[in-house]
Amino acid sequence: MDLKDLYRDVILDHNKHPRNFGVLEGSDAHADGHNPLCGDRLTVSLRLTGDRISDIRFEGKGCAISTASASLMTEAVKGKDRAAVQALFERVHALLTDDAATADPALGKLAALSGVREFPARVKCASLCWHTLNAALESGDATVSTE
Ligand code: ZN
């Protein structure tokens, strides 16, 4: 199995069985995200302990890339503080948009998203959850659109 097959399997698995999917009762912050280009909609809600994301859930309806990306993101950011989340987002953004970016080992399973950059129209599908998370962290209650 080559890396591309492995990455594809990670995306398919997280789309079929999204992790941390659902409503988080008593959340401290949430935001709604919309990607009109594709029709993806998702809501990210999280609980903060100090500066750290102690729990996070997402729900919504979108394409396989948007769902898998949100699922991978929730796994990756749980337990991290704001600065670490921001650093991770910058790595993911580079991975999605910069052909020269290599999959940083710090990305873990998020490296599976590297295949998305071959499909520029889908980059917004993969980054929607991150913009939504940022909006939740910044304002506590927000709506964002990729447009
Ligand atoms: Zn999409």
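See the structure printed just above.
The structure displayed is predicted, hence computed values, not measured ones.

> How should the layout of surface pockets be read in this particular structure?
One way to see where empty space is left: roll a probe the size of a water molecule over the atoms. Of the voids in this model, the largest pocket is the one considered here, and its volume is about 340 Å³. Forming the boundary of the largest pocket are 14 residues, of which Arg8, Ala112, Gly115, Val116 and Phe119 lie nearest the centre. Among the elements of the structure, helix H1 (3-16) and helix H2 (64-77) are those that each provide at least two residues to the lining of the largest pocket. A breakdown of the residues in the lining of the largest pocket according to their chemical character gives eight nonpolar, two polar and four charged.

> How do you make sense of the nonpolar core when you look at a structure like this?
For soluble globular proteins, nonpolar side chains are generally found buried alongside one another. Judged by nonpolar contacts, the single largest core of 43 residues is most densely connected at Val77, Leu110, Leu113, Trp130 and Leu133. At the level of elements, H1, strand S1 (29-35), strand S2 (40-49), strand S3 (52-61), H2, helix H3 (82-97), helix H4 (123-139) and strand S4 (141-145) are the ones that each hand at least two residues to this core. The leading source of residues in this core is H4, at ten residues.

About the thresholds
- Residues numbered from 1 in each chain as written.
- Predicted model: local features only at pLDDT ≥ 70, side-chain atom pairs only at ≥ 80, totals over all residues.
- Heavy atoms only, no water.
- 1 Å grid on protein atoms, 1.4 Å probe; cavity = no way out; pocket = protein on both sides within 12 Å on 5 of 7 lines; lining within 4 Å.
- Points joined across faces, edges and corners; volume = space filled by probe spheres on them.
- Helix = DSSP H or I, 4+ residues; strand = E, 2+ residues; numbered from the N terminus.
- Nonpolar A, V, L, I, M, F, W, Y, C, P; charged D, E, K, R; others polar.
- Core = buried A, V, L, I, M, F, W, Y, C linked by side-chain atoms within 4.5 Å.
- Buried < 20%, exposed > 50% of the residue type's maximum accessible area, 1.4 Å probe, protein only.

By themselves, these are just geometric observations and shouldn't be taken as functional.
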